[in-house]
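Chain and residue survey
Residues per chain are reported as follows:
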Amino acid sequence: MASIAQTTISPVKGSFNLSNYDCVRKSFDWEDASKELHFWESGKVNAAYETIDRHVVDGYGDKIALHYINENEKRSLTFSEVKEKTDHYGRILKQHGVKKGDRVFIFLPKTPECYISILAVIKIGAIAGPLFEAFMEDAVKDRINDCKGTVLITDKDLVQRVQRADIPSLETILFSEDIEATPVENDREEVVEWLGKEDGLIIHYTSGSTGKPKGVLHAHRSMIHHLQSGKWVLDIKDDDVYWCTSHPGWVTGSVYGLFAPWLNRATIVIQGGRFKAENWYQLMEDLKVTTWYSAPTAFRMLMSQGDLFKNYDLSSLRHILSVGEPLNPEVIHWAWNNLGLRIHDTWWMTETGGHLIVNLPAELIKPGSMGRPFPGITVGILDDEGNELPRGEVGQLAVRAPWPGLMKEIWGNKDKFDSYFKYEGWYSSGDLALQDEDGYVFFQGRSDDMINSAGERIGPFEVESKLIEHPAVAEAGVIGKPDALRGELVKAFITLRTGFQESEELLEEIRLFVRKNLSAHAAPREIEVMNELPKTKISGKILRRKLKEWEIQKVQ
Ligand code: PRX
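Residues numbered from 1 in each chain as written. Predicted model: local features only at pLDDT ≥ 70, side-chain atom pairs only at ≥ 80, totals over all residues.

If you check an unreviewed UniProt entry, the protein chain appears there as acetate--CoA ligase from Aquibacillus salsiterrae.

In structure tokens, the structure reads:
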């Protein structure tokens, strides 16, 4: 068995009732869990209704639904106000002919209007396609084209990155600055479109190791998973102020930034602007944040600021969670020794639609592990034939399918969808892991070439394709290079076309080319020029694995 750090940390702070968590582990059942939502009785499904309107109907209309904070702006909205705004946005979308099942994209910075737009789209039965605000022209275009989006909600700044002429399906662009003041023809019209559990909810594009990003479509049934994981893992209570730092263009930002907290009627924090340690701590002090969901890179950045946290009153904080990349034991110990709190790691993927491996608040944490399967979820570590391996052995991390949050389809790509289910009855994650005798799962890496930089999933193919569009680049191989802060950083190996000479200016130009056309997070931080790239003998495919081996040897 691989050696594992067995130091455990038990909970000391917060109002966690240990017996509750023990009980949920023993008796949890997805069927029973579904009954907590309105549609179980009525058969009427709409996630936007469950997220917002239901609370107004239940008498919580005056409760603060969100606090928005940006460098020069601060405002709050109640659940009633969010309901009215989503109704208004929904009516405007209907006026533009949006119908059930249409794909409506949302390309906005992290503002209340971004969240309201997503919910309005869902409310009228359309499928929301939220886009990360840092995406550049090609990233925006490829995603809208893939699932033939008809309407885009954006603002007058970001619209400059929308190449409308190259997106033939796009009929309408709406500006969030204008929607509020646009009159509706019929302000009494019923906005909520009642749907079936399998109807489309949201589509998130995500990278694999081959091809362009794929559209992962989730269905309305996912909200059962969102509600339950919000309750048990995020541990949302009525007086919580909950802050998830991810943008809703990523699945963490939609599922755990919007659906799960609001299904549990939490007050959420929406923070605009870039990462700055002082601003983050100040925000937590000012808004008295109780529950904070972020990623290891952000924790490592805060850790690198040393004692800065001592200048702030963080006494409201009671529960911290992490996702997206391996959470190093050092970070857990830092938070434990300095903030007096444990960081609860969670593991899941865009495709899984919700938490699958978690650390429930009252349970022991083994630093270095991602936790144990969520109640109602069964994990398997499989060999390459799909047989379960004994505890302690490293293999393919798989999960017994289905469960409520599991994706409905990969847009227009059944083969890709089927590839996740190559072992009968199992969903294969592509991650490698081991599970110890106590059920704790330890991440061991990816079984493919996917890159994870600062918790963001980057497909090498997409970056390579962009690199070779630059006139100086003949060939490119892109890998994740181990990095202490970001987990991995994007590194490109390239060969140059004849007539081009290597120079710092040229490499910077190539880097900016990817940054400008694709997105900042996918642009290579390092570019190395080679005379030739390693390739397979028969098909001549670039051997990323070899490039990675070289890079790891250099680091050691
Ligand atoms: O490799 C795993 C890594 O992120 C991948 C999923 O990426 P994405 O779909 O972008 O979703 C991110 C957030 C849901 C996984 O296949 N990953 C996710 N969580 C962890 C992780 N790696 C290590 N530890 C985690 N807790």
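So, on to the overall build of the protein chain. Regarding its fold elements, the protein chain presents 17 helices and 25 strands. Taken against the 2.2 N^0.38 rule, which gives 24 Å for 556 residues, the C-alpha radius of gyration of the protein chain at 23 Å falls within 12% of a compact globule. Projected onto its principal axes, the C-alpha coordinates of the protein chain cover approximately 70 × 55 × 55 Å. Looking at the 556 residues of the protein chain, the share that counts as buried comes to 50%. (Helix = DSSP H or I, 4+ residues; strand = E, 2+ residues; numbered from the N terminus. Rg over C-alpha atoms; globule rule 2.2 N^0.38 Å. Buried ≥ 20, exposed ≤ 12 C-beta atoms within 10 Å, placed from the backbone.)

It is worth spelling out the pairing of strand β8 (residues 214-219) at this point. Within β8, six of the six residues are buried, which leaves the element mostly enclosed by the surrounding structure. Residues Lys214, Val216 and His218 point to one face of β8 and Gly215, Leu217 and Ala219 to the other, with burial holding for every one of them. Pairing of strand β7 (residues 200-206) with β8, which is carried by six bridges, proceeds in the antiparallel orientation. Directly across from His204, in β8, lies its bridge partner Val216. As paired elements, β8 and strand β18 (residues 409-410) share two bridges and run antiparallel to each other. Directly across from Val216, in β18, lies its bridge partner Ile410. (Pairing = 2+ DSSP bridges.)

Further remarks concern the UniProt feature "domain: AMP-dependent synthetase/ligase" (unreviewed entry) in the protein chain. Those places that UniProt annotates as "domain: AMP-dependent synthetase/ligase" (unreviewed entry) correspond, in this numbering, to residues 55-411. Between the end C-alpha atoms of residues 55-411 there is a gap of 32 Å, over a span that is 28% helix and 23% strand. (UniProt positions renumbered as here; feature names shortened; annotations may be inferred.)

As a matter of local geometry, the ligand sits amid 21 residues, with Trp347, Met349, Thr350, Phe443 and Arg457 nearest to it. Going through the elements one at a time, α10 (251-263), β13 (343-347), β19 (426-435) and β20 (441-446) are the ones with two or more residues in the shell around the ligand. The residue makeup of the shell around the ligand, split by class, is eight nonpolar, eight polar and five charged. (Near = placed C-beta within 6 Å. Nonpolar A, V, L, I, M, F, W, Y, C, P; charged D, E, K, R; others polar.)

Overall, mixed pairing links the three strands, which are arranged β23-β24-β25 in an open sheet. Two strands lie at the open edges of the sheet, namely β23 (473-483) and β25 (526-529), each paired on one side alone. Ignoring strand direction, the axes of neighbouring strands in this sheet form an average angle of 25°. Note: β23 against strand β24 (residues 487-496), ten bridges, orientation antiparallel. Pairing of Gly480 across the sheet is with Val490, part of β24. Sheet strands touched by helix α15 (residues 460-467): β23 and β24. Its angle to β23, the strand with the most contacts, is close to 140°. (Axes fitted to C-alpha atoms, helices over the stretch in contact; angles between N-to-C directions. Contact = placed C-beta atoms within 7 Å.)

A few words now on the sheet that holds β20. In space, the four strands of this open sheet follow the order β16-β17-β19-β20, with antiparallel pairing throughout. Single-partner strands in this sheet number two, and they are β16 (379-382) and β20. Direction aside, the axes of adjacent strands within the sheet are offset by 50° on average. Across four bridges, β16 lies against strand β17 (residues 395-400) in antiparallel orientation. Looking across to β17, one finds that Gly380 is bridged to Ala398.

Those places that UniProt annotates as "domain: AMP-binding enzyme C-terminal" (unreviewed entry) correspond, in this numbering, to residues 462-537. Secondary structure within residues 462-537 divides into 26% helix and 33% strand; the distance between the first and last C-alpha atoms comes to 23 Å.

Axis angle and axis distance: for two packed helices, these are the angle between their axes and the distance between the axes, and together they describe the pair. For the pair α15 and helix α16 (residues 504-517), the least separation of the axes is 9 Å and the interaxial angle reads 120°. Here α15 and α16 pass one another in a crossing that is right-handed. For the pair formed by α15 and α16, the contact residues are Val463, Lys466 and Leu467 on the first element and Ile510, Val514 and Asn517 on the second. Of the residues that constitute the contact of α15 with α16, the class distribution is four nonpolar, one polar and one charged. (Left-handed = near helix turned anticlockwise from the far one by under 90°.)

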